Amino acid sequence: MTKNRASRDKIKAIDVSWDETHLQTGDIQYFRIGELLVAMALITGELHISHCYPKDAEADPEVEIGPDAQWNRWDVAGDTVTVRFTPQFADLPYIVRAENPLELPQKTHKKVYVKIPVWLSCSLVLPQQQKLMTLPIVKLSKTWFGDFAEGEVCYWISSGARNTFEPLPENRFLAICPVHLSNASPELLKVEKMCVRAQHLSIYKDERNLWSNELSIRFKGKDRFSDMSVREKPPKESAAAKLISGPQIAAKRSVNIRTFGGILDLSPFDFFR
Amino acid sequence: MQADSLLVSPATSLLNGQNLTIFLRFVVILLIGIPVVYILSRWVHSLAKKKFSPQEAMIFQKLVFYTGMTIIVMMALMELNFKVSVLFGAAGIAGIAIGFASQTSVSNIISGLFLIAEKPFQVNDVISVGTITGVVLSIDTLSVKMRTFDNKYIRIPNETLIKSEVINITKFPIRRVDIEVGVAYKEDMARVRKILLDIAINNPLCLNEPEPQVIFRGFGNSSIDFLFAVWAVREDWIKLKNSIAEEIKSRFDAEGIEIPFPHISLYSGSKTEPIPVEIFDARRDSR
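The residue numbering used here restarts from 1 in each chain and proceeds along that chain's sequence as written. All chains are assigned letters beginning with A, and all ligands numbers beginning with 1, in the order in which they are written. This being a predicted model, a pLDDT of at least 70 is required before a residue's local features are given, and a value of 80 or more before pairs of side-chain atoms are given or counted; all residues contribute to the totals for chains, interfaces and linings. Only heavy atoms go into the side-chain values, all of them from the structure, while hydrogens and water stay out.

Asks: Describe empty space enclosed by the protein, listing the residues and the values that go with them.
Replies: Residues and elements named next belong to chain B. Buriedness of a pocket was judged along seven lines, with at least five required to meet protein on both sides within 12 Å; pockets are open sets of points on a 1 Å grid over the protein atoms alone, cavities are sets where a 1.4 Å probe fits but cannot get out, and lining residues have an atom within 4 Å of a point. Grid points are joined across faces, edges and corners, and a volume is the space filled by probe spheres set on the points. A complete count under the given rule lists 3 cavities of 30 Å³ or more for this structure. Space inside the second largest cavity adds up to approximately 50 Å³. What lines the second largest cavity is Ser53, Gln55, Leu115, Ile116, Lys119, Phe121, Gln122 and Ile139. Only Asp, Glu, Lys and Arg are considered charged, only Ala, Val, Leu, Ile, Met, Phe, Trp, Tyr, Cys and Pro nonpolar, and every remaining residue, Gly among them, polar. The class makeup of the residues in the lining of the second largest cavity is 4 nonpolar, 3 polar and 1 charged.

Shown next, in the form of structure tokens:
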């Protein structure tokens with residue numbers, strides 16, 4: 001069955017739109033976005049989905065799933081299904097390194113913009129409502145946020161936090177996350193990297209870009225956790241953007257949490273033998 | 001009357017009303033008391049487990065059990081008009097004898113208390129003691145029980161653990177994988193370093209921070225030696241160690257980087273060519 005699915009003539013992949021798509025029995029469709037290629041087939045009461053990350057997913061519109069690909073299957077009733085693609089943030093926080101090290105004197109604030117790759121969430125709409133799978137569009141490497149004794153695993157974003165907002169060329173899988181930083185401590189805040197807990201953020205869409213709602217982080221000192229809060233509206237930079245995906249974990253009004261890290265937390269100088 | 005009293009047997013005296021009552025009370029105290037103490041100790045254990053570690057909960061349970069049993073036994077003996085103070089006197093003498101005999105056991109008990117208080121490891125941690133490595137199954141009054149990775153059951157006295165170096169392999173959430181890499185002298189060191197760091201970046205199990213490091217170890221007898229150190233979360237340590245070793249080998253093969261075998265070159269002087277070696281068949285040459 002798998003070989004029959006994959007051995008058909010090359011099929012042109014369709015760019016993913018954050019919308020619904022329909023399949024009828026016997027249909028096979030390829031969808032691509034970023035590094036991700038998704039294949040979907042409806043075969044006699046079963047919906048089959050597979051995915052891969054071919055090196056030339058964006059360049060070659062006729063790239064296809066290999067014969068050894070793993071397929072996931074779901075029972076569905078009827079000859080037609082409707083599937084919806086929605087963007088979603090990853091299940092782990094993101095660590096963002098400031099593009100240029102940022103220093104915030106006491107009692108000052110600044111807004112930075114972070115581009116976060118979203119994941120693709122695939123859900124069945126008809127004949128039944130069912131969440132199918134969630135896939136990373138861009139494979140991010142993992143990193144450790146904390147010290148050698150305790151901390152948490154996060155995804156690493158290499159694109160950096162920028163001080164200015166620049167409209168992105170239309171990019172379907174990067175969400176712009178405005179982060180408002182304020183230094184409420186009596187010391188200088190040097191931002192080398194920060195932890196963006198995107199699980200608490202929603203995703204909005206305007207004509208060109210994906211956005212998250214604004215994240216506010218209030219630094220209270222090196223030895224204290226920072227206050228994190230989420231503005232539950234579209235970002236001011238795109239007030240008309242529409243909500244397409246809610247947060248994975250509802251944010252409390254204000255959360256006291258570790259957000260900033262320095263390079264010396266995990267100093268390579270601890271390492272010499 | 002006196003003759004009659006002389007003819008009364010011990011069995012008969014036992015069965016008379018007063019003694020029978022005493023005996024029944026003795027039995028009832030034991031029959032009710034022992035199960036009650038047992039149930040109470042189990043209840044204390046389940047309560048304590050919610051707030052304390054499994055070892056501390058076990059200590060509370062044993063404390064309640066042995067205290068309860070002592071009270072029940074003393075109540076039962078007092079019911080039989082047994083003078084408990086005599087026991088305490090005898091216990092003093094017996095205590096000295098038992099103390100000499102049980103030095104090791106007492107030492108193990110006290111060592112166990114220190115282990116629980118200090119918490120160098122907990123149940124389910126992987127530890128190394130001497131040449132033994134395994135998972136901690138339980139920390140008991142006298143010993144710690146472990147299961148090795150080849151499924152052997154090992155009992156280590158607490159006293160041994162207190163006196164020995166114990167390595168807790170799983171205490172911290174991240175661990176470093178160290179790979180010794182040797183390359184031929186003809187290789188470009190900067191290029192080797194760049195390739196190794198690229199391998200680390202592309203391995204999904206390898207953490208970006210702490211940063212992977214390539215450290216020069218020395219000019220060895222047969223190769224230039226590096227230490228390639230990468231970090232993984234503790235659960236991925238073995239997978240990273242295996243996957244990165246395979247990736248190093250295949251990438252070095254693809255890039256034409258030689259990992260040399262140990263070898264020796266003979267020179268007759270610093271500026272001469274290596275001495276050629278030729279093997280002759282002595283029997284053929286002598287004919």
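Asks: Describe the environment of Arg197 of chain A, with residues and values.
Replies: Residue and element names in this part refer to chain A. Think of it this way: any DSSP run of H or I at least four residues long counts as a helix, any run of E at least two long counts as a strand, and we number them from the N terminus. Turning to its location among the elements, Arg197 is positioned in the loop between β15 (189-196) and β16 (203-205). Relative accessible area serves as the criterion here: at 5%, Arg197 is assigned to the buried category. As a C-alpha pair, Arg197 and Asp19 span 178 residues in sequence and 26 Å in three-dimensional space. Burial status follows relative accessibility: with a 1.4 Å probe on protein chains alone, a residue under 20% of its type maximum counts as buried, one over 50% as exposed, and anything between as partly exposed.

Asks: Describe the interface of chain B and chain A, with residues and values.
Replies: We call two residues in contact whenever any of their non-hydrogen atoms come within 4.5 Å of each other. Counting from both sides, the interface comprises 17 residues of chain B and, opposite them, 16 residues of chain A. When two parts are put together, the accessible area they lose, computed with a 1.4 Å probe and summed over both, is reported as buried area. In this assembly, chain B packs against chain A so that about 1,500 Å² is buried in total across both faces, 59% of it on carbon and sulfur atoms. What makes a salt bridge here is a side-chain nitrogen of Lys or Arg within 4 Å of a carboxyl oxygen of Asp or Glu, nothing more. If you look at where chain B meets chain A, you find 2 salt bridges. The residue Glu209 of chain B makes a salt bridge to Lys193 of chain A at a minimum N-O spacing of 2.4 Å.

Asks: Hey, could you go over the sheet that holds strand β5 (residues 166-168) of chain B for me, with residue numbers and the actual values?
Replies: Residue and element names in this part refer to chain B. Pairing within the open sheet is antiparallel, and its 5 strands lie in the order β4-β3-β2-β1-β5. Looking at which strands have only one partner, the edges of the open sheet turn out to be β4 (153-157) and β5. With strand direction ignored, the average angle separating the axes of adjacent strands in the sheet is 40 degrees. DSSP bridges decide pairing: two strands pair if at least two such bridges lie between them. Strand direction decides the pairing type here: strand β3 (residues 143-148) and β4, joined by 5 bridges, are antiparallel. A fitted line through C-alpha atoms represents every axis, and for helices the fit uses only the stretch in contact; the resulting angles, taken between N-to-C directions, go from 0 to 180 degrees.

Asks: So what about the confidence of the model for chain A? Which residues, and what values?
Replies: Residue and element names in this part refer to chain A. Each residue carries a pLDDT value, the predictor's own confidence for that position, ranging from 0 to 100. For chain A, mean pLDDT is 80; residues scoring 70 or higher make up 81% of the total. In this model residues 1-9 is a low-confidence stretch, pLDDT under 50, and it forms 18 contacts with partners more than four residues away in sequence or in other chains. Contacts for the low-pLDDT stretch residues 267-273, under 50 throughout, to residues beyond four places or in other chains number 12 contacts.

Asks: Tell me what's going on with the confidence of the model for chain B, and back it up with residues and numbers.
Replies: All names here are of chain B. For chain B, the mean per-residue pLDDT works out to 86, and 87% of the residues sit at or above 70. Contacts from residues 1-9, a stretch scored under 50 in pLDDT, to residues over four places away or in other chains number 1 contact. On the interface metric, ipTM, the complex scores 0.78, and its pTM is 0.73.

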